[in-house]
Amino acid sequence: MGKELTMLDMKGGPFADLLSIAEAAEIWGKEQSTLRKAIQDGRLKPGKDCRKFGKQWVVTADAMHREFGGWAPWSTYLADLRKAQLEERGY
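Conventions adopted
Residues numbered from 1 in each chain as written. Predicted model: local features only at pLDDT ≥ 70, side-chain atom pairs only at ≥ 80, totals over all residues. Heavy atoms only, no water. Pairing = 2+ DSSP bridges. Helix = DSSP H or I, 4+ residues; strand = E, 2+ residues; numbered from the N terminus. Core = buried A, V, L, I, M, F, W, Y, C linked by side-chain atoms within 4.5 Å. Buried < 20%, exposed > 50% of the residue type's maximum accessible area, 1.4 Å probe, protein only. Contact = heavy atoms within 4.5 Å. Arc of directions from axis to C-beta. Axes fitted to C-alpha atoms, helices over the stretch in contact; angles between N-to-C directions. Expected span 1.5 Å × (residues − 1).

Across 4 bridges, the pairing between strand β2 (residues 50-53) and strand β3 (residues 56-60) is antiparallel. In the sheet register, C50 faces β3, and the bridge partner there is V59. If you look at the hairpin formed by β2 and β3, you'll find 2 residues sitting between the two strands, and G54 has a positive phi there, around 65°.

This is how it looks when you write it as structure tokens:
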């Protein structure tokens, strides 16, 4: 079996900037209901900015940046993820 891929391993891949509503809300410091309302109001456009898979919505980091501002939350998240990954590998 191959190694398990993380978002950082897939940089540039088709799913690299997709986040669940729960992840996006946590990263940007918003309530999940705020993101659902943005979908309902059309600020996050299904098929372009977000998509529903079964009962789970996913949203792009680009759409979160556009609607809720700044790349700082995303950059901090990626840096923390990278740090945890390096620590796990003993670096």
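So that's the structure; there's more coming.
A separate point is the environment of M64. Relative to the assigned elements, M64 resides in helix α3 (residues 61-68). Measuring from C-alpha to C-alpha, the distance between M64 and L44 comes to 8.3 Å, with 20 residues separating the pair along the chain.

As a further point, take the nonpolar core. Residues L19, W28, L35, L44, V59, M64 and F68 are the most contacted members of the largest nonpolar core, which totals 18 residues. Sorting the residues of this core by element identifies α1 (21-28), α2 (32-41), β3 and α3 as the ones contributing at least two each. The leading source of residues in this core is α1, at 5 residues. With residues near it in sequence (within four places) discarded, L44 still touches L35, A38, I39, D49, C50, V59, A63, R66, E67 and F68.

Within α3, burial applies to A61, A63, M64 and F68. End-on, the buried residues of α3 take up no more than an arc of 155°, which puts them together on one face. Buried residues along α3 sit against β1 (18-20), α1, α2, β3 and α4 (72-88). One or two steps after α3, the chain reaches G69, where phi turns positive at roughly 85°.

For the rest of this paragraph, the subject is the sheet that holds β2. Strands sit in the order β1-β3-β2 across an open sheet of 3 strands; the sheet is antiparallel. Each end of this open sheet is capped by a strand with a single partner; those strands are β1 and β2. For this sheet the average axis-to-axis angle between neighbouring strands, irrespective of direction, equals 30°. Across 3 bridges, the pairing between β1 and β3 is antiparallel. Residue pairing in the sheet places S20 in a bridge with V58 of β3. Each of β1 and β3 is contacted by α1, which is oriented at about 95° to β1, the strand it contacts most.

A word on α4. Compared with the 24 Å implied by 1.5 Å per residue over 17 residues, the 24 Å span of α4 between its first and last C-alpha is a close match. Within two residues after α4, G90 carries a phi angle of roughly 85°, on the positive side.

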